[in-house]
Amino acid sequence: MFKLLTKSALVFIGGAIIAAGFNLFLIPHELLSGGISGVSMLIGYFTSLNFNFMYFAFNIPLLVAGWFMLGRRFITFSIVNVIATTWMLNLVPVTAVAVDPLLSSVFGGVLIGVGTGLAYRAGGSSGGLDIVASIITRYRDFPIGTIMACMNGIIIMLAGYLNDDWNIALISVLSIYITGKIIDLIHIGHVKVTLFIVTNETEIMLKKLLPRQRGVTKIKTQGAFTDHEKDMLMTVTTKYELDEIKQIIKDTDPKAFVNIVETVGIMGSFRKN
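Residues numbered from 1 in each chain as written. Predicted model: local features only at pLDDT ≥ 70, side-chain atom pairs only at ≥ 80, totals over all residues. Heavy atoms only, no water.

1. Structural notes on the overall build of the protein chain
Link 1 in the chain: Along the protein chain, the regular secondary structure elements total ten helices and four strands.
Link 2 in the chain: Along the protein chain, from the amino end to the carboxyl end, the secondary structure elements read α-α-α-α-α-α-α-α-β-α-β-β-α-β.
Link 3 in the chain: Principal-axis analysis of the C-alpha atoms gives the protein chain an extent of 75 × 35 × 30 Å.
Link 4 in the chain: The buried share of the protein chain, taken over its 273 residues, is 45%.
Link 5 in the chain: Once local pairs closer than 6 in sequence are excluded, the contacts in the protein chain between residues at least 24 apart make up 73%.
Link 6 in the chain: Just so you have it, the protein chain exposes about 14500 Å², and 66% of that area is on carbon and sulfur atoms.
Link 7 in the chain: Averaged over its 22 positive side-chain charges, the protein chain has a centre that lies 8 Å from the centre of its 18 negative ones. (Helix = DSSP H or I, 4+ residues; strand = E, 2+ residues; numbered from the N terminus. Buried < 20%, exposed > 50% of the residue type's maximum accessible area, 1.4 Å probe, protein only. Contact = heavy atoms within 4.5 Å. Areas by Shrake-Rupley, 256 points an atom, 1.4 Å probe, with all protein chains shown as cover. Lys, Arg positive; Asp, Glu negative; His and termini not counted. Charge placed at Lys NZ, Arg CZ, Asp CG, Glu CD.)

2. A few points about the packing of helix H2 (residues 35-46) against helix H3 (residues 51-69)
Link 1 in the chain: Two numbers describe how H2 lies on H3: the axes approach to 9 Å, and their chain directions differ by 140°. When you trace H2 past H3, the crossing you get is right-handed. For the pair H2 and H3, contact is made by Ile36, Ser37, Val39, Ser40, Met41 and Ile43 and by Phe51, Met54, Tyr55, Phe58, Asn59 and Leu62, respectively.
Link 2 in the chain: Of the residues contributing to the contact of H2 with H3, the split by class is nine nonpolar, three polar and no charged. (Axes fitted to C-alpha atoms, helices over the stretch in contact; angles between N-to-C directions. Left-handed = near helix turned anticlockwise from the far one by under 90°. Nonpolar A, V, L, I, M, F, W, Y, C, P; charged D, E, K, R; others polar.)

Right, here's the structure in full:
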């Protein structure tokens, strides 16, 4: 229960940070974010419709689709983030913190990236095209921030063409690029690592590792100096799960020798979710 509340709070804080990025940096200079928020901003800039309402309304069908394709837990956290963002958009005043639009695009992108990254780190998303990107990464192992930056960049460039204002469009692309990079720094679920564990407590460690639904390969080894035979366990996991495995190893065999290397790529079966 405590872990659930902590993650919910993290998602909520992420929503508040996203709202600050919108109202304090992007919207005062009529800059655009990407995806659903960018479309909502365009509508809000050139019509009498309210941006906050449009942002919430456009997210509803995507959240419903994600409920069936991505799972209830993920979408529940995403709903919390969308509600938090919409609520904070109504509380945070639209005030330009920086006079320069270029500075605003940079710091707005950083804030939106941090807020979105926190939502992903907790197991949710910030809604909108994040859900579309999550569906793609469920079947293709790509960095999620890069996918979002590509999709959002296309939308912004189209908006610049239709609106005949390339300055705003290009500055907005910079903000989206920074957002994507910040998300990739925080959301590391796509980064894989391989652990080589040399231990004397093979069976006990296997009993703790196998329930995690990650494949483990047992390899017979022999010490060059001692000539003693040992077992080496090899497993591939994500950086998200690395701390958990380290704790299992420390609790089971504090004297185990562990080599951890970052994995460039994986072929074959690997559980992504």
